Structure formats: structure tokens, C-alpha cells
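Here are the chains, one letter per residue:
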Amino acid sequence: MVRRNVTELRAGMVLAEDVMTPGGRFLMPKGTTLDPGHLKSLLAWNLPTVAVNQADGEGAFPSASGPGAPPAAAPGPDLAEAAEAAVRERLLWLDLEHEAGQVLFRLALEREIRRRVTVQEAGGAGEVHGLGQERPERTDRPNRSDEAAPPPLASPEALLRDEPQLVSPPEVYLRINEVLRDPKSTVEDAAASIRYDPSLAAKLLRLVNSSYYARTMRAVEGRFPAKVDSLSRAVMVVGARQLATLALGVSVLPLFQDIPPHWVNMRVFWEHSVGCAVAAQAIAAASGRGNPETAFVAGLLHDIGRILAFKQAPAHMAAAMRQAAAERLPLSFAERGRLGFDHAALGGHLLQKWQFPANLEKMVRYHHDLDEPLFIEEPAVIHLADGVATALGWGGSGNRHVGALSPAAWEALGLSGDALARMVPAMEARLAETMRSFFPDRPGPL
Ligand SMILES: [Fe+2]
Ligand SMILES: [Fe+2]
């Protein structure tokens, strides 16, 4: 072990001791392999020296900033203090003694510091509107303190009854679902059902051409061209059922694009959803729990119940948001009291009504309720992915506090904190890429 000045640290070095802030607060655990984000955090705290392993070296730690990128000029301690206060508030309900809480705290703090440094470097006036950044929701939502909270609703069914648009999903959805449910369906059936909707087909081709699938294509080099330019080839790369599952999720998105703007900005909402989707896909692939494409779609749709609630029960949701803000609660807690059920139960109910695959529906329905041990593994993927997306401030769906992470879910996934941390830069890159494919030029319809 050697002690090094913080300015001498480089990406790839490994911490030989836990790092604490000058005020005695925990910052990073022993054994952390430093990446450029860690280096910025350490600089931000103006720590004199840090203990690293003697046999340390320049590493190839994956990072959004690039391996071995030189650290930026140290931000002042005020910025770091403010970033930590914001992250502590967002992660109020996380157990920071637990490995999962520790890793999310570290990742969130690094990202928050980077975000604030970017804003500062841009002149410090207001925000820099980049992808994945937290933007304030509009504050003109109903918020009269004298407004009486209505009594809770009887059931999710009561809330769906008055939404004729949702009684039946789009025609293309029905065709794809038919293919998915028929074990005798062929590759050509899957492609034909998707081809029926050219804009859906175009979105799927963009998704399949993303970097995530580039690896698959490289693995079968020689059999596929560099770019997947037809649905039949897409089916061969992703698999017929997986492509049909992706198509199922993407086909219903246009039904959920008219969130009343006084609740939450639509792009911010979808950024949260896509963030959860890419995280879920990566977590499913790394943990081997659930199919990655199913996890992607479940992530994409995990909070659609909240859109329904905003639209169909605005007075209840206004009361829930007031309570969540006043008592610093995760919004799903307050929903259960005010609506009688949370957005996850509502979203699950809708997906069940539409006959989505049962495992996909359960991933959505139980993403905040991990008490049912019989099928914890697949909902655990969305539970953790939502925690990552919310902790790191990738968009937002109206919730300001990450809900407590279930230790049983963490255990069911079998991931280590370091493994999760190593996955995050690739998730962020894929979030940016997928948002560009859904919103090619500017905020607009999905
Ligand atoms: Fe949720
Ligand atoms: Fe969420």
C-alpha cells in the first residue's frame, strides 16, 4: 500500500483503504478500481492523500469519459457539498450500509458532480439540457393546500373503465401478439406482422442496429452485413420471439405520449423509461435472470401506470405528490395511500388486460413489491434497473426519491457492486443511442 497525492491518482489504480470525506462521511470503499469519475470525486473533496495498492497501474476501466481520461480541474468543495446533499436527499430511503446502496450512492454522487461541473463550465447560468439530466418538473401542478384529497379508488379496473383508447391496443399489436402466442409461428410471420406498421418497423431496425446488437452481429460475422437493413435479417440477429416482444412494447408507446405537461415533461418521462429499459436489459444479460429483450420492454413500460393515473385520477395524484413532497416519500408509497394501489399494480393490470406475456406483466406489476418470493428474479431485474435510473437521475417519472432496494432482490440477481458499476457506462451510452432512435431530431412523438 502507498499513499498518493490525489492529483497523482490515475484510472485503474485500486483503493487500499476506504475513503472518507474530511467530515468523516463514507465516500468510496476499499477495493474500488478508480475510473475518471472517481478521480473527479476525489479531486472535488480536496483530499490530501489516498491509499492505493502498490502494484497499481494504468487501467482500462470502461467509462463514459474514456479509459484513462485525464481528470478535469477540481471543482470546489461547495459544488461537491451541494452535489452530495442532492444525492443524499434522492437516496434518502436507501440503506447505505448495504453493498447495493453503497454502489448506487457512489455512482449517483460521481454523476451529480460531473453534471454540476458541466453546468459550471457552461457558465453556471441555469442548466445544460443534455441527455439524462434531471430537469425540474413544472411547478404549476394542482397544489392548493385547501384541496380535499378524494377517497381511494376501489380498484385499477375502476380507473381504466373510462379510457376507451385503452380498451383495445393498436391493430399491429394484436397481430404481433398473435404471432407470439402461436408456437407454430415462423420467422416470416414475425417479420410480416411488424412490416404492417412501417414506422414501428423503422424504430425496431434502429434499435437492432444499436451498439448493443453490434456484438451479436460481430459474433456471426460473415453471415450478416454490417447493418441490419431488413426485418428478416433483424429476426435472424435478435430471434423471432425476441423481436416480436420488442415490437409489442414499442407498438403501444404512441398510446402513452400525451402526459399532461403540468405533471411531468414527456421526454423526461421516456428518458427514465428508456434508462430503466437499457439497465434492465444489461442486468438481465449479466445476471442470467430473465430474457434481456423481455426485460427491455418491461423497463420501457414499467411506469406506464403512472401516465394512466396522471390522466385518469389527477386529484388523487395531486394529493399523492403533495404527500410525497411533504413527507419526502417515494411516490409509489403515497400512491398506495391516495389511490388505493400504486402505478405498478395499475400498469400490471393493463398489461394483463392486453394479454402481454405473463412474465413481462409480472415484471411491471411487482417492480416495487418484492415480497412474493416465488417469482422474485424477473421483477428484481426491473426493481434494480429502476433504482439505477432514478438514483442516477436519468429522466424522471415524477418520483424524487429512490425507493428502498430489496436485499432479497439484490441477492436473487447475484451481482456484485463492482459488476454493476462496470455496466453503467455502457448503459449510459445505450440510453443516449436509444433516445436518439426514439427522438431522432427533437422532442416529438414516439
Ligand atoms: Fe415505478
Ligand atoms: Fe420508474
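Model, not experiment: these values are computed from the prediction.

1. Quick notes on the overall build of the chain
For the chain, the helix and strand inventory stands at 20 helices and four strands. Considering only residue pairs separated by 6 or more positions, the chain has 72% of its internal contacts joining residues 24 or more positions apart. If you sum the accessible surface of the chain, you get close to 18,600 Å²; carbon and sulfur atoms cover 52% of it.

2. Brief notes about the coordination of the iron ion (ligand 1)
Here the iron ion (ligand 1) is held by the protein donor atoms Asp303 (OD), His343 (NE2), His367 (NE2) and His368 (NE2), which lie 2.1 to 2.2 Å from it. Every donor counted, the four donor atoms about the iron ion (ligand 1) form angles of 79 to 172 degrees at the centre, which fits irregular coordination. In the primary sequence, the donor residues of the iron ion (ligand 1) line up as D-x39-H-x23-H-H. Taken as a pair, the iron ion (ligand 1) and the iron ion (ligand 2) show a spacing of 3.6 Å, with Asp303 coordinating each metal. Exposure remark for His368: the relative accessible area of 24% places this residue in the partly exposed category.

3. Remarks on the coordination of the iron ion (ligand 2)
Taken together, the protein donors to the iron ion (ligand 2) comprise His272 (NE2), His302 (NE2), Asp303 (OD) and Asp386 (OD), at separations of 2.1 to 2.2 Å. With four donor atoms in place around the iron ion (ligand 2) and angles of 87 to 176 degrees between them, the coordination shape is irregular. Look at where the donors of the iron ion (ligand 2) fall in the sequence and you get H-x29-H-D-x82-D.

4. Quick look at the confidence of the model for the chain
In the predicted model, the chain carries a mean pLDDT of 80, and the fraction of residues at 70 or more is 80%. The model gives residues 125-146 a pLDDT under 50, and that stretch makes 52 contacts with residues more than four places away or in other chains.

5. Overview of the packing of aromatic side chains
The tally for this structure, following the rule as stated, stands at five aromatic pairs. Between Tyr173 and Trp354 the ring centres are 5.9 Å apart and the planes differ by 55 degrees, which places this aromatic pair in the tilted class. Taken as a pair, Tyr173 in helix 5 (residues 171-181) and Trp354 in the loop between helix 16 (343-353) and helix 17 (358-365) lie far apart in primary sequence, 181 residues in all. Taking relative accessible area as the criterion, Tyr173 reaches 0% and is therefore assigned buried. What makes Trp354 buried here is its relative accessible area of 3%.

6. Section: a nonpolar patch on the surface
On the surface, Leu92, Trp93 and Phe333 cluster together to form a nonpolar patch covering roughly 250 Å² of accessible area. You can see Phe333 is positioned in helix 15 (residues 331-338).

7. Quick look at the packing of helix 6 (residues 187-195) against helix 9 (residues 231-238)
With their axes 9 Å apart at the nearest point, helix 6 and helix 9 run at an angle of 125 degrees to one another. If you check the angle between helix 6 and helix 9, you find them oblique. The element helix 6 and its partner helix 9 pack so that their crossing is right-handed. Between helix 6 and helix 9, the residues in contact are Val187, Glu188, Ala190, Ala191, Ile194 and Arg195 and Leu231, Ser232 and Val235, respectively. For the contact of helix 6 with helix 9, the residue count by class is six nonpolar, one polar and two charged.

8. Re the pattern of salt bridges
Counted under the stated rule, the structure contains 15 salt bridges. Across the salt bridge formed by Arg88 and Glu84, the nearest N and O atoms sit 2.6 Å from each other. Here Glu84 and Arg88 lie together in helix 2 (residues 77-90), a separation of four residues that amounts to about one turn. When the shortest N-O distance is used, the salt bridge between Arg116 and Glu112 registers 2.7 Å. Remark: Glu112 and Arg116 occur in helix 3 (residues 99-121); sequence separation between them is four residues, near one turn of the helix. The exposure class assigned to Arg116 is partly exposed, which follows from its relative accessible area of 24%. Residue class for Glu112 comes out buried when judged on its relative accessible area of 4%.

9. Describing the environment of Val237
Structurally, Val237 can be placed in helix 9. It is 7.9 Å that separates the C-alpha atoms of Val237 and Tyr213, two residues lying 24 residues apart in sequence.

10. Observations regarding the nonpolar core
Core analysis: the largest hydrophobic core is formed by 136 residues, its most contacted members being Leu42, Phe256, Ile283 and Met427. Among the elements that take part in this core, helix 11 (residues 266-287) stands out by supplying eleven residues, more than any other.

11. Quick word on helix 3
Count 3.6 residues to each turn of an α-helix, and residues three or four apart come out pointing the same way. Between its terminal C-alpha atoms helix 3 stretches 33 Å, which fits the 33 Å expected from 23 residues at 1.5 Å a residue. Just downstream of helix 3 lies Gly123, where phi reads positive at about 115 degrees.

12. Focus: the side chain of Ser397
One can find Ser397 in the loop between helix 18 (377-391) and helix 19 (407-413). Residue class for Ser397 comes out buried when judged on its relative accessible area of 4%. Polar side-chain contacts of Ser397 include one of 3.0 Å to the side chain of Asp303. A polar side-chain atom of Ser397 sits 2.9 Å from a polar atom in the side chain of Arg306. If we skip the residues at most four places from it in the chain, Ser397 touches Val264, Phe269, His272, Asp303, Arg306 and Phe310.

Conventions and cut-offs
Residues numbered from 1 in each chain as written. Chains lettered and ligands numbered in written order. Predicted model: local features only at pLDDT ≥ 70, side-chain atom pairs only at ≥ 80, totals over all residues. Heavy atoms only, no water. Helix = DSSP H or I, 4+ residues; strand = E, 2+ residues; numbered from the N terminus. Contact = heavy atoms within 4.5 Å. Areas by Shrake-Rupley, 256 points an atom, 1.4 Å probe, with all protein chains shown as cover. Donors = N, O, S within 2.8 Å, 3.2 Å for Na, K, Ca; no water. Tetrahedral: all angles 85-135°; square planar, octahedral: opposite > 155°, others 65-115°. Buried < 20%, exposed > 50% of the residue type's maximum accessible area, 1.4 Å probe, protein only. pLDDT = per-residue confidence, 0-100. Phe/Tyr/Trp six-rings, centres within 6.5 Å; stacked < 30°, edge-to-face > 60°. Patch = residues over 30% accessible without salt bridge, like charges linked within 9 Å, V, L, I, M, F, W, Y side chains within 5 Å. Salt bridge = Lys/Arg side-chain N within 4 Å of Asp/Glu carboxyl O. Axes fitted to C-alpha atoms, helices over the stretch in contact; angles between N-to-C directions. Parallel < 35°, antiparallel > 145°, perpendicular 65-115°, else oblique. Left-handed = near helix turned anticlockwise from the far one by under 90°. Nonpolar A, V, L, I, M, F, W, Y, C, P; charged D, E, K, R; others polar. Core = buried A, V, L, I, M, F, W, Y, C linked by side-chain atoms within 4.5 Å. Expected span 1.5 Å × (residues − 1). Polar contact = N/O pair within 3.5 Å; in protein donor to acceptor, adjacent residues only side chain to side chain.

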